[in-house]
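Residue-level listing of the chains:
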Amino acid sequence: MIRFIVFLILNFGALGLGAFLMGSNPGENQWYQELNKAPWTPPGWVFGAAWTLIMVSYSVFLTVSYNSNEKLVFLILFAAQWLLNVFWNPLFFKYHLTQIAFLEISLLFGVLLNYLLLVRGYRIIFLLPYVIWLVIAISLNGYVILKN
């Protein structure tokens, strides 16, 4: 239970730090509001709900998977995921580096796919919300690059 709480704190901390570094809420960000966004862009409230589900589910995944034989690789993947998760927000929303943000989020997706090589069995179900959301986020980021 303590490991789960630690992962929750670290994961929600990453979201909080990323939000802090991006400067303003996307709903208040004039640059973002004026972008041509993908027709499948969800309403703003979906992002908060999705990230809550993702971070809880990902924390469960980390908790039940940490006992793998590859602890060092596991921790390196977690650290890489954490950093990439934090820095996408400022790259995209604050600095408007949409192409670098696209590469960065693609790397994040690759990190998560590496977990699938490391972990087997039922545990991957807890990683699926994150993987699915990143597919959506990559498509949204890509649309912004192509249409702006």
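Predicted model, so just to flag it, every value in this text is computed and none were measured.

Colleague: Which residues make up the overall build of the protein chain, and what are the values?
Modeller: Along the backbone of the protein chain there are six helices and zero strands. Going from N to C terminus, the protein chain has its helices and strands arranged as α-α-α-α-α-α. Considering only C-alpha atoms, the protein chain reaches an extent of 45 × 25 × 25 Å along its principal axes. Across the 148 residues of the protein chain, 41% fall into the buried class. Approximately 8,100 Å² of the protein chain is accessible, and the part contributed by carbon and sulfur atoms is 72%. For the protein chain, the separation between the mean place of its 7 positive charges and that of its 4 negative charges on side chains is 12 Å.

Colleague: Account for the packing of aromatic side chains, naming residues and giving values.
Modeller: Summed over the entire model, instances satisfying the criterion amount to 18 aromatic pairs. Ring geometry for Trp-88 against Phe-93: centres 5.6 Å apart, planes inclined by 90 degrees, an arrangement best described as edge-to-face. Across the pair, Phe-93 and Trp-88 agree in class, each one buried. Relative to Phe-93, the ring of Phe-92 lies with its centre 5.0 Å away and its plane at 75 degrees, an arrangement referred to as edge-to-face. One exposure class covers both Phe-92 and Phe-93, and it is buried.

Colleague: Describe the packing of helix H1 (residues 2–22) against helix H3 (residues 44–65), listing the residues and the values that go with them.
Modeller: Contact pair H1 / H3: the axes reach a minimum separation of 9 Å and the direction vectors enclose 140 degrees. Classed by the angle they form, the pair H1 and H3 counts as oblique. Seen along the crossing, H1 lies across H3 with a hand that is right-handed. Every residue of H3 that contacts H1 at Arg-3, Phe-4, Phe-7, Leu-8, Asn-11, Phe-12 and Leu-15 is listed here: Trp-51, Thr-52, Met-55, Val-56, Tyr-58, Ser-59, Val-60, Leu-62 and Thr-63. Of the residues assigned to the contact of H1 with H3, the class counts are 11 nonpolar, four polar and one charged.

Rules used throughout
Residues numbered from 1 in each chain as written. Predicted model: local features only at pLDDT ≥ 70, side-chain atom pairs only at ≥ 80, totals over all residues. Heavy atoms only, no water. Helix = DSSP H or I, 4+ residues; strand = E, 2+ residues; numbered from the N terminus. Buried < 20%, exposed > 50% of the residue type's maximum accessible area, 1.4 Å probe, protein only. Areas by Shrake-Rupley, 256 points an atom, 1.4 Å probe, with all protein chains shown as cover. Lys, Arg positive; Asp, Glu negative; His and termini not counted. Charge placed at Lys NZ, Arg CZ, Asp CG, Glu CD. Phe/Tyr/Trp six-rings, centres within 6.5 Å; stacked < 30°, edge-to-face > 60°. Axes fitted to C-alpha atoms, helices over the stretch in contact; angles between N-to-C directions. Parallel < 35°, antiparallel > 145°, perpendicular 65-115°, else oblique. Left-handed = near helix turned anticlockwise from the far one by under 90°. Contact = heavy atoms within 4.5 Å. Nonpolar A, V, L, I, M, F, W, Y, C, P; charged D, E, K, R; others polar.

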